[in-house]
Amino acid sequence: MRKFLGLIPARYGSSRLEGKPLADICGKPMIQHVYERAKVAIEDVYVATDDHRIVDAVESFGGKVIMTSANHENGTSRCLEALELVNKQTSAGFNAVVNIQGDEPLLEPSTLTELVNSFDDETNFATLVTPVVHQQDLENDSEVFVTFDHNKNALYFSRAVIPTVRGKKRSEWMQHTTFYKHLGLYAYTDEALKLFSTLTPTTLEKLESLEQLRWVEHGYQIKVGITEHDSIPVDTKEDLERVRNIMQELV
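Counting restarts for each chain: residues are numbered from 1 in the order of the written sequence. Where totals are concerned, whole chains, interfaces and linings use all residues; where local detail is concerned, this predicted model gives features only for residues with pLDDT of at least 70, and gives and counts side-chain atom pairs only at 80 or more. Only hydrogens and water are set aside; all other atoms, that is, all heavy atoms of the structure, feed into the side-chain values.

Peer 1: Can you walk me through the pairing of strand E6 (residues 96–99) in this structure?
Peer 2: Every regular strand shows the same layout, with side chains that alternate between the two sheet faces. For every residue, the accessible area (1.4 Å probe, protein chains only) is compared with the maximum for its type, and the residue is labelled buried under 20%, exposed over 50%, or partly exposed between those bounds. Helix numbers and strand numbers start at the N terminus; a helix is a DSSP run of H or I with at least 4 residues, a strand a run of E with at least 2. In E6, alternate side chains face the same way, and those of Ala96 and Val98 on one face and Val97 and Asn99 on the other are all buried. Pairing between strands requires that DSSP locate at least two bridges from one strand to the other. In this structure, strand E1 (residues 4–10) lies alongside E6, joined through 4 bridges in parallel fashion. Looking at the pairing, Gly6 lines up with Val98 of E6. Strand direction decides the pairing type here: E6 and strand E10 (residues 180–189), joined by 4 bridges, are antiparallel. Along E10, the bridge assignment pairs Asn99 with Tyr186.

Peer 1: Sorry if this is basic, but what is going on with the packing of helix H3 (residues 75–90) against helix H5 (residues 190–198) here?
Peer 2: Between two packed helices, both the angle of their axes relative to each other and the distance between the axes serve to describe the pair. Direction vectors running N to C along H3 and H5 enclose 130°, while the axes themselves pass 9 Å from each other. When the interaxial angle is binned, H3 and H5 end up oblique. When you trace H3 past H5, the crossing you get is left-handed. Contacts from Thr76, Cys79, Leu80, Leu83 and Glu84 in H3 reach Asp190, Leu193, Lys194, Phe196 and Ser197 in H5. Grouping the amino acids of the contact of H3 with H5 by side-chain chemistry returns 5 nonpolar, 2 polar and 3 charged. Every axis corresponds to a line fitted to the C-alpha atoms, with the helix fit spanning only the stretch in contact, and the corresponding angles, defined between N-to-C directions, vary from 0 to 180 degrees. We call two directions roughly parallel when the angle between them is under 35 degrees, roughly antiparallel when it is over 145, roughly perpendicular when it lies between 65 and 115, and oblique otherwise. Two helices that cross are described as forming a left-handed crossing if the nearer one is turned anticlockwise from the farther one by less than a right angle, and a right-handed crossing if clockwise. Here a residue-residue contact requires only that any non-hydrogen atoms of the pair lie within 4.5 Å. Classification used: nonpolar for Ala, Val, Leu, Ile, Met, Phe, Trp, Tyr, Cys and Pro, charged for Asp, Glu, Lys and Arg, polar for all others including Gly.

Peer 1: Teacher, can you tell me more about the pattern of salt bridges here?
Peer 2: Any two side chains of opposite charge can pair if their charged atoms end up close together. One side-chain nitrogen of Lys or Arg within 4 Å of one carboxyl oxygen of Asp or Glu is enough to make a salt bridge. According to the stated counting rule, one finds 11 salt bridges in the structure shown. Arg78 is paired through a salt bridge with Asp50; the nearest N and O atoms lie 3.6 Å apart. Here Arg78 is found in helix H3, whereas its partner Asp50 is found in the loop between strand E4 (45–49) and helix H2 (52–60), with 28 residues between them in sequence. Residues Lys223 and Asp120 are paired through a salt bridge, measuring 4.0 Å at the closest nitrogen-oxygen approach. Here Lys223 is found in strand E11 (residues 223–226), whereas its partner Asp120 is found in the loop between helix H4 (109–117) and strand E7 (125–131), with 103 residues between them in sequence. On the basis of relative accessibility, which here comes to 15%, the residue Lys223 falls in the buried class. With a relative accessible area of 36%, Asp120 lands in the partly exposed category. Each of the salt bridges in this network shares a partner with another, and the network as a whole consists of Asp137, Glu143, Lys181 and Asp230.

Peer 1: Could you clarify how one ought to interpret the environment of Val129 in this entry?
Peer 2: Tracing the backbone shows Val129 in strand E7. When its relative accessible area of 0% is taken as the criterion, Val129 is described as buried.

Peer 1: Where do I start with the packing of aromatic side chains in this structure?
Peer 2: Within a pair of aromatic rings, the relevant descriptors are the distance that separates the centres and the angle that separates the planes. To pair, rings of Phe, Tyr and Trp, with the six-membered ring standing in for Trp, must have centres within 6.5 Å; the planes then decide the type, stacked if under 30 degrees apart, edge-to-face if over 60, and tilted in the middle. Throughout the structure, instances matching the rule amount to 10 aromatic pairs. Both rings, one in Phe4 and one in Phe119, keep their centres 5.4 Å apart while their planes meet at 85°; by these two values the pair is edge-to-face. Remark: Phe119 occurs in the loop between H4 and E7 and Phe4 occurs in strand E1; sequence separation between them is 115 residues. On the accessibility criterion, Phe4 (16% relative accessible area) is buried. Residues Phe125 and Tyr188 carry aromatic rings whose centres are separated by 5.0 Å and whose planes lie at 75° to one another, so their mutual orientation is edge-to-face. Placement of the pair is Phe125 in strand E7 and Tyr188 in strand E10, with a sequence separation of 63 residues. For Phe125, a relative accessible area of 3% corresponds to the buried category. Residue classification places Tyr188 among the buried positions, given a relative accessible area of 1%. Of the aromatic side chains, those joined through ring pairs into one cluster are Phe125, Tyr186, Tyr188, Phe196, Trp215 and Tyr220.

Any link to function would need more than the numbers given here.
Written out as structure tokens, the structure reads:
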């Protein structure tokens, strides 16, 4: 039986928006919005960080936080350390993790439920995608696109639009097929996390700068769950202002 721990990796440093986990959004730091939404769907949630400023912020609103090493190359390895630390400190016996992006303050809680529900007895790594509904998403360099097989196992992730509709103008592509873009949510068993940490980086992973390709290129499967809920990650000051405006309208 899977016992899921929700983890929100949070770094203070960011090349495009330093300190974004603590950015104020309608009176709360961004990380608090993410944490509170995650708690709606998952009972046990921790922020995993290497920065004392984030630790102080999470503790100030009553959240749970775990301090991890600063020497992690990605959020996946940080999740492994955090899982081991939480299990050691609490003896809770968590054996699966939901990796929640700390820069999505408009996180829809039901997507976490959908992700967990996409697990079956043979699944050890899962993620979510959503259908593309706007042509402009095909022109957005920030999006990651996904193809998957009839069993909903990922075939490939790319920053290029996939698949290509040969012989048609890109403006007509959505008339011929459904495109899926990747949402930055993952769930994995403790065994998968440990295995991932031992795998060497791969060529496709480096070319696309997508760490999940390491798992695929080494021959393992990622189960794909489909949700109708899109996400709005905050990567820039413009993204932050957009989210603030949306939040104000929701109040």
